Amino acid sequence: MQNPYLPYPVRIDEIVTETEDKNLKTFKLVFLNPADEEKFYYKAGQFAELSVAGKGEIPIGIASSPTEKGYIMFTVNKVGLVTTHLHSMKEGDVIGIRGPLGNSYPWDILQGKNIVIIGGGFAFTTLRSSIVYMLDPVMRPKFKDIHVIYGARSPEMLLYRDELAGWENSSDINMHITVDATDDPDWKYNTGFVPTITEQKALPGNAETYAIICGPPIMIKFTQPVLDKLDYAHDHIIMSLEMRMKCGIGMCGRCNIGKEFVCKDGPVFTLAQLDKMPKEF
Amino acid sequence: MNLGYTMKVVRIDKKNWVGDIENLSRSYRLFGPVKDDNFHRFEELDKDKLPDLDYFNTRLSPKSIVYPQSETMFEYCLDERKKDHHVMKEASKDYSQRAVIGIRPCDAAAFLLVKRNFDTPECKDPYWVKAYEATTFVGLACNNPHSACFCTTAGCGPFHEDGLDILLIDAGNHYFAKIITSKGENLLKAAGWDTKVDAGKEIESMKQNAETGITSFIATNKLKDKITADLFDAPFWEDMAFACINCGTCTYACPTCWCFDIQDEVHGCSGTRMRNWDSCMYPLFTLHGSGYNPRNTGMQRVRQRFMHKLKYYVDKYDNGIQCVGCGRCVSLCPVNIDIRKICNTMNSYEK
Ligand SMILES: Cc1cc2nc3c(=O)[nH]c(=O)nc-3n(C[C@H](O)[C@H](O)[C@H](O)COP(=O)(O)OP(=O)(O)OC[C@H]3O[C@@H](n4cnc5c(N)ncnc54)[C@H](O)[C@@H]3O)c2cc1C
Ligand code: SF4
Ligand code: SF4
Ligand code: FES
């Protein structure tokens, strides 16, 4: 019997500090046993448990795309026990990863459609995975227009800034980067909250258009009415939820909303599914 | 595996009981109820220790025989000079065959309810599944049920057989042993029990007698058709939960509660990853790292417990409620919160 709790050992290959407050770091991990990489076959939107021996495990969205080979990437916000310890680790240190876990975004359904990605703060991780995946030369023809609305408090708090700049210059994708406020006179992009920019820039809702939203609760709360106004059907609005997790495989019982386990039945749900669930998240 | 034919019954003379248990202890790790001050609890029986079958039921359920309150999952070394440092290694475990003697039918049936969580087509919890498969369940029928027992309306009963491999029935100076599965048949051989008898009628009348001794009931027939959101938003939760002190006694004592936590423990340069029972009654159960907690109030946690047992479980598995009617939480709750009352309220609730 395979032990689903046993992490694959990985080495920290590279650490990048993403934001000026140094609270977000991206970790590039390489499998110690190359055969494990093949077993870790994932899709954009899934997550994994990062395992730090002596400290514990944390669920973190996979920020790399399945089209990027040779490593797996995660971006971690420093909040508590395990994340703080991770932030103090060095390149070459050994940790573990367990997964992939949960459901991805529904790529079968999304093919052939317009995709509007709406992200805020550090929840942009699996959205980065999705963008890189869709922009892969083999994948790009399978999608219609791709729009990305991504906001952070200030320019220094945006993740993956070099990549964002590259995407801005690409004709394959329409970027709408925004910050809450900035005193930088050279800021070339939008200012304003994500819901406002969504109202101005998002495609109107129709059968051919899906929105994927990931962000802090407050952003989701104010974006939802905007999408309603833009005529998005609730089964065309896709969200990824966060709950405290331990096992990540539907066994330990803590991440339920109603009868669904967010780790196993989610974390990706359509708004139509969430409408039917108890409001306890 | 259930034996398809008319069940075999053997008679076990109590005079030979000590020797029979000794026989069993040669091929099984044995577990059974033992007296501990004023209460009984299940524990592994040392050589020459007998299960004390003169008991009503244990305070804690026997779930720990398969699912210990605390168990080691992995071990690791933190010394960077050593090979494989920081790499998790499976902890060694004893999954040799074991038997529990004298488990009550409700507690054995509870394992089947929990199995739906730990043993699924997509994913199996190896610790639970291996321990469960290694165990032979020898039940003891309840001739004299307790006033808090409501098993007969919780999908179970004092002579209930599902989840058992053998059912023992105390008939004075002997036991009848009803052989239910092939696992039970194997245990029978190891014990040397071979006096076949035709006791069907006698057992049936004892069973009916026991069932009439159950005086407490719940109604569950309408739970399935209720709308989850209606029950979730029902006005009665504040009242129901008012007295709860979130002590967690109910979930720890419960044979069907399975929630756990995973924690690392470090001793010098080595460490273990442990799993420990946890409870939805505790605020930490759902607290996010950011400080946000979707179940911040005691009411929300009490509601989770009953909604899980009586609605979410019902909807998820379409196989009844997540409760076998053992009555432990009713007897042990320090503020008298009563699942029977809450179940009936939920069952009859109309928005
Ligand atoms: C599906 C999913 C994807 C996530 N993706 C990311 C990501 O890409 N980047 C990122 O920085 N954070 C992400 N998080 C949140 C991240 O898991 C928590 O911030 C992290 O677990 C906090 O751990 P800690 O030990 O530092 O905090 P502590 O507060 O010390 O937490 C102790 C333990 O509680 C659990 N826990 C605490 N908060 C959370 C939480 N919000 N969600 C789940 N478990 C929690 C963990 O098991 C943790 O080890 C994600 C959460 C989920 C559920
Ligand atoms: S009632 Fe609570 S502790 Fe028991 S299984 Fe359900 S969620 Fe877990
Ligand atoms: S035993 Fe009673 S008081 Fe304690 S958590 Fe359970 S319901 Fe609340
Ligand atoms: S994290 Fe354990 S059930 Fe979801």
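Residues numbered from 1 in each chain as written. Chains lettered and ligands numbered in written order. Predicted model: local features only at pLDDT ≥ 70, side-chain atom pairs only at ≥ 80, totals over all residues. Heavy atoms only, no water.

**Considering the packing of aromatic side chains**
Counted according to the given criterion, the structure contains 29 aromatic pairs over all chains. Note on Phe236(B) and Tyr349(B): the rings are 5.4 Å apart at their centroids and 85° apart in plane angle, and the pair reads as edge-to-face. Of this pair, Phe236(B) sits in the loop between α6 (228–232) and α7 (237–241) while Tyr349(B) sits in the segment after α11 (339–348), and the two are 113 residues apart along the sequence. The exposure classification of Phe236(B) matches that of Tyr349(B), with both residues buried. An aromatic cluster is defined as three or more aromatic residues linked by ring pairs; in this entry it consists of Tyr5(A), Tyr67(B), Phe111(B), Phe118(B), Tyr127(B), Trp128(B), Tyr132(B), Phe137(B), Tyr252(B), Phe260(B), Trp277(B) and Tyr282(B). Stacked on the ring of Phe260(B), the Lys or Arg Arg275(B) has its end atom at 4.5 Å from the ring centre. Its guanidinium or amino end placed over the ring of Phe232(B), Arg303(B) lies 3.6 Å from that ring's centre, counting from NZ or CZ. (Phe/Tyr/Trp six-rings, centres within 6.5 Å; stacked < 30°, edge-to-face > 60°. Helix = DSSP H or I, 4+ residues; strand = E, 2+ residues; numbered from the N terminus. Buried < 20%, exposed > 50% of the residue type's maximum accessible area, 1.4 Å probe, protein only. Lys NZ or Arg CZ within 6 Å of the ring centre and 35° of its normal.)

**A short note on the nonpolar core**
By size, the foremost hydrophobic cluster in this structure holds 147 residues, and its most contacted members are Tyr5(A) and Met346(B). Counting 40 residues, the second largest nonpolar core, distinct from the first, contains Leu135(A), Tyr160(A), Leu164(A) and Ile177(A). (Core = buried A, V, L, I, M, F, W, Y, C linked by side-chain atoms within 4.5 Å.)

**A few points about empty space enclosed by the protein**
Where empty space is left can be seen by rolling a probe of water-molecule size over the atoms. All names here are of chain B. Under the defined criterion, the tally for this structure stands at seven cavities of 30 Å³ or more. In this structure, the largest cavity occupies an estimated 160 Å³ of space. Along the walls of the largest cavity sit 18 residues, with Thr251, Cys257, Trp258, Cys259 and Cys280 positioned nearest its centre. For the lining of the largest cavity, the secondary structure elements donating two or more residues are α8 (249–253) and α9 (298–317). Top contributing element to the lining of the largest cavity by residue count: α9, with four residues. Considered class by class, the residues forming the lining of the largest cavity number eight nonpolar, six polar and four charged. (1 Å grid on protein atoms, 1.4 Å probe; cavity = no way out; pocket = protein on both sides within 12 Å on 5 of 7 lines; lining within 4 Å. Points joined across faces, edges and corners; volume = space filled by probe spheres on them. Nonpolar A, V, L, I, M, F, W, Y, C, P; charged D, E, K, R; others polar.)

**Concerning the confidence of the model for chain A**
Mean pLDDT over chain A: 94, with 100% of residues reaching 70 or higher. In the model of chain A, helix α7 (residues 217–229) of chain A stands out as the element of lowest mean pLDDT, 90, in contrast to strand β3 (residues 47–52) of chain A, which has the highest, 98. (pLDDT = per-residue confidence, 0-100.)

**A closer look at the packing of helix α1 (residues 17–27) of chain B against helix α4 (residues 182–191) of chain B**
Residues and elements named next belong to chain B. Running from N to C, α1 and α4 cross one another at 115°; their axes reach a closest spacing of 8 Å. Contacts between α1 and α4 involve Asp20, Asn23, Leu24 and Ser27 on the former and, on the latter, Leu187, Ala190 and Ala191. Taken together, the residues of the contact of α1 with α4 sort by class into four nonpolar, two polar and one charged. (Axes fitted to C-alpha atoms, helices over the stretch in contact; angles between N-to-C directions. Contact = heavy atoms within 4.5 Å.)

**Description of the pairing of strand β12 (residues 237–240) of chain A**
On any regular strand, side chains alternate: one points to one face of the sheet, the next to the other face. All names here are of chain A. A two-sided burial pattern is seen for β12, the buried positions comprising Ile237 and Met239 on one face and Ile238 and Ser240 on the other. In terms of strand pairing, strand β11 (residues 209–214) meets β12 through three bridges, oriented parallel. Bridge pairing in β12 links Ile213 to Met239. Chirality of the crossover, the property in question, places the unit of β11, α7 and β12 among those that are right-handed. (Pairing = 2+ DSSP bridges. Right-handed = clockwise from strand over helix to strand, strands pointing away.)

**Focus: the confidence of the model for chain B**
Residues of chain B with pLDDT of at least 70 account for 98%, and the chain-wide mean is 93. On the interface metric, ipTM, the complex scores 0.92, and its pTM is 0.93.

**Remarks on the site of ligand 1**
Taken together, 24 residues surround ligand 1, and among them Pro59(A), Asn77(A), Thr83(A), Met243(A) and Gly289(B) come closest. Of the chains in the model, those with residues near ligand 1 are chains A and B. The backbone of Pro59(A) places a nitrogen or oxygen atom 2.6 Å from an oxygen atom of ligand 1. Isolated, ligand 1 exposes 820 Å² of accessible area, and the fraction of that covered by the protein chains is 89%. At the level of secondary structure, the elements contributing two or more residues to the shell around ligand 1 comprise β4 (56–61), β5 (72–77) and α2 (81–87) of chain A. (Near = heavy atom within 4 Å. Polar contact = N/O pair within 3.5 Å; in protein donor to acceptor, adjacent residues only side chain to side chain. Areas by Shrake-Rupley, 256 points an atom, 1.4 Å probe, with all protein chains shown as cover.)

**Let's talk about the interface of chain B and chain A**
Between chain B and chain A, the contact holds 48 residues from the first and 39 residues from the second. Summed over both sides, the interface of chain B with chain A buries roughly 3,700 Å², with 59% coming from carbon and sulfur. Counting across the interface, chain B meets chain A through seven salt bridges. Between Arg254(A) and Asp261(B) there is a salt bridge; the shortest N-O distance is 3.9 Å. In this structure, the connection of chain B to chain A is made through 23 residue pairs in polar contact (both at pLDDT 80 or more). Elements with a contribution of two residues or more to the side of chain B that touches chain A: β4 (70–77), α2 (105–118), α3 (126–133), α6, β10 (260–267), β11 (270–277) and α9 of chain B. (Buried area = accessible area lost by both parts, 1.4 Å probe. Salt bridge = Lys/Arg side-chain N within 4 Å of Asp/Glu carboxyl O.)

**Some thoughts on helix α4 (residues 125–135) of chain A**
For α4(A), the buried fraction is high: 11 of the 11 residues fall into the buried class. By the burial criterion, the buried members of α4(A) are Thr125(A), Thr126(A), Leu127(A), Arg128(A), Ser129(A), Ser130(A), Ile131(A), Val132(A), Tyr133(A), Met134(A) and Leu135(A).

**Focus on the sheet that holds β4(A)**
Residues and elements named next belong to chain A. Taking strand neighbours across the sheet as the criterion, the six strands line up as β4-β3-β6-β1-β2-β5 in an open arrangement whose pairing is antiparallel. If you trace the sheet from one side to the other, it starts and ends with β4 and β5, each paired once. In this sheet, neighbouring strand axes are inclined to one another by 40° on average, regardless of whether the strands run parallel or antiparallel. With six bridges joining them, β3 and β4 adopt antiparallel strand pairing.

**Here we look at the site of ligand 3**
Taken together, 13 residues lie near ligand 3, and Cys244(B), Cys247(B), Gly248(B), Cys250(B) and Cys333(B) sit nearest. Among the residues forming the shell around ligand 3, the class breakdown is nine nonpolar, three polar and one charged.

**Overview of the sheet that holds strand β3 (residues 39–44) of chain B**
Residue and element names in this part refer to chain B. Reading across from one edge, β1-β9-β8-β7-β6-β2-β3 is the order of the seven strands in this open sheet, with mixed pairing throughout. Two strands lie at the open edges of the sheet, namely β1 (8–13) and β3, each paired on one side alone. Strand after strand, the sheet turns through a mean of 25° between neighbouring axes, direction not considered. Looking at chain direction, strand β7 (residues 135–140) and strand β8 (residues 166–170) are connected through three bridges and run parallel. If you follow Gly139 over to β8, its bridge partner there is Leu167. Against the sheet, α4 engages β1, β6 (98–103), β7, β8 and β9 (174–179), with an angle of about 80° to β7.

**Quick notes on the pairing of strand β7 (residues 114–120) of chain A**
Residue and element names in this part refer to chain A. Burial analysis of β7 places seven of its seven residues in the buried class, which makes it a mostly covered element. A two-sided burial pattern is seen for β7, the buried positions comprising Asn114, Val116, Ile118 and Gly120 on one face and Ile115, Ile117 and Gly119 on the other. Pairing geometry for β7 and β11, over six bridges, is parallel. Bridge assignment links Ile118 to a residue of β11, and that residue is Ile213. The sheet contact formed by β7 and strand β8 (residues 146–152) spans six bridges and is parallel. Residue Ile115 lies in a different strand from β8, and its bridge partner there is Ile146. Assessed by its sense of winding, the connection that carries the chain from β7 through α4 to β8 is right-handed.

**Structural notes on unusual backbone geometry**
With an omega of -5°, the peptide bond running from Gly99(A) to Pro100(A) counts as cis. Assignment of secondary structure puts Pro100(A) in strand β6 (residues 94–101). Non-glycine residue Asp231(A) carries a positive phi angle of around 75°. With respect to the element layout, Asp231(A) can be found in the loop between α7 and β12. Asp231(A) gets classed as exposed once you look at its relative accessible area, which sits at 58%. Positive phi is not limited to glycine here, since Asp48(B) has a value of about 75°. With respect to the secondary-structure elements, Asp48(B) resides in the loop between β3 and β4.

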